[in-house]
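# Architecture and fold: a report
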Amino acid sequence: MTEVVIVATAVTVMAAVALGMITAVGWAQYELERDQHRNSQIGHDHGRTTY
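Below is a summary of the structure that appears in this document. All values derive from a computational prediction rather than experimental measurement.

## Some details on the overall build of the protein chain
Each helix and strand in the protein chain was counted, giving one helix and zero strands. Scored against the burial criterion, the 51 residues of the protein chain give a buried share of 2%. Surface summary for the protein chain: the accessible area is close to 4600 Å², and the carbon and sulfur share equals 69%.

## Quick word on the packing of aromatic side chains
Taken as a whole and judged by the stated rule, the model has one aromatic pair. Between the aromatic rings of Trp27 and Tyr30, the centroid separation amounts to 5.2 Å while the plane-to-plane angle is 40°, which identifies the pairing as tilted. Placement of the pair is Trp27 and Tyr30 together in helix H1 (residues 2–41), with a separation of three residues, close to one helical turn. Owing to a relative accessible area of 52%, Trp27 belongs among the exposed residues under this scheme.

## Comments concerning a nonpolar patch on the surface
A surface patch of nonpolar side chains, about 280 Å² in accessible area, is lined by Val13, Val17 and Met21. When you line up the elements, Met21 lands in helix H1. A relative accessible area of 54% places Met21 in the exposed class.

## As for the environment of Thr12
Within the secondary structure layout, Thr12 lies in helix H1. A relative accessible area of 52% means that Thr12 is categorised as exposed. A polar side-chain atom of Thr12 sits 2.7 Å from the main-chain carbonyl oxygen of Ala8.

Reading the values: the criteria
By convention here, each chain's residues receive numbers from 1 onward along its written sequence. For a predicted model such as this one, the threshold for reporting local features is a pLDDT of at least 70, and the threshold for listing and counting side-chain atom pairs is 80 or more; totals across whole chains, interfaces and linings nevertheless cover every residue. To get the side-chain values, all heavy atoms of the structure are used, and hydrogens and water are removed first. For helices the rule is a DSSP run of H or I covering at least 4 residues; for strands it is a run of E covering at least 2, with both sets numbered from the N terminus onward. Burial classes follow relative accessibility: with a 1.4 Å probe on protein chains only, a residue under 20% of its type's maximum area counts as buried, one over 50% as exposed, and anything between as partly exposed. Using the Shrake-Rupley algorithm and a 1.4 Å probe, accessible areas are obtained, with residue cover drawn only from the displayed protein chains. Centres within 6.5 Å make a pair out of two Phe, Tyr or Trp rings, where for Trp the six-membered ring is used; the pair is then stacked when the planes are under 30 degrees apart, edge-to-face when over 60, and tilted otherwise. The residues that make up patches have over 30% relative accessible area and no salt bridge, and they are joined within 9 Å when like-charged or within 5 Å when they are Val, Leu, Ile, Met, Phe, Trp or Tyr. A pairing counts as a salt bridge when a side-chain nitrogen of Lys or Arg comes within 4 Å of a carboxyl oxygen of Asp or Glu. Contacts described as polar in this section are N or O atom pairs within 3.5 Å, which, within protein, must combine one atom able to donate a hydrogen with one able to accept it, while residues neighboring in sequence count only if both atoms come from side chains.

Set out below in structure tokens:
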């Protein structure tokens, strides 16, 4: 029964770490794209106010 607890804990921890990494990577990519988009708007803004 102890093995089940150990495996369940390991799986939970691994899942949490994987989710955290995916979230961090996704957020970093979103930030990067948002910044690039904002920078590309400067100088040739086509009447857009939403950044």
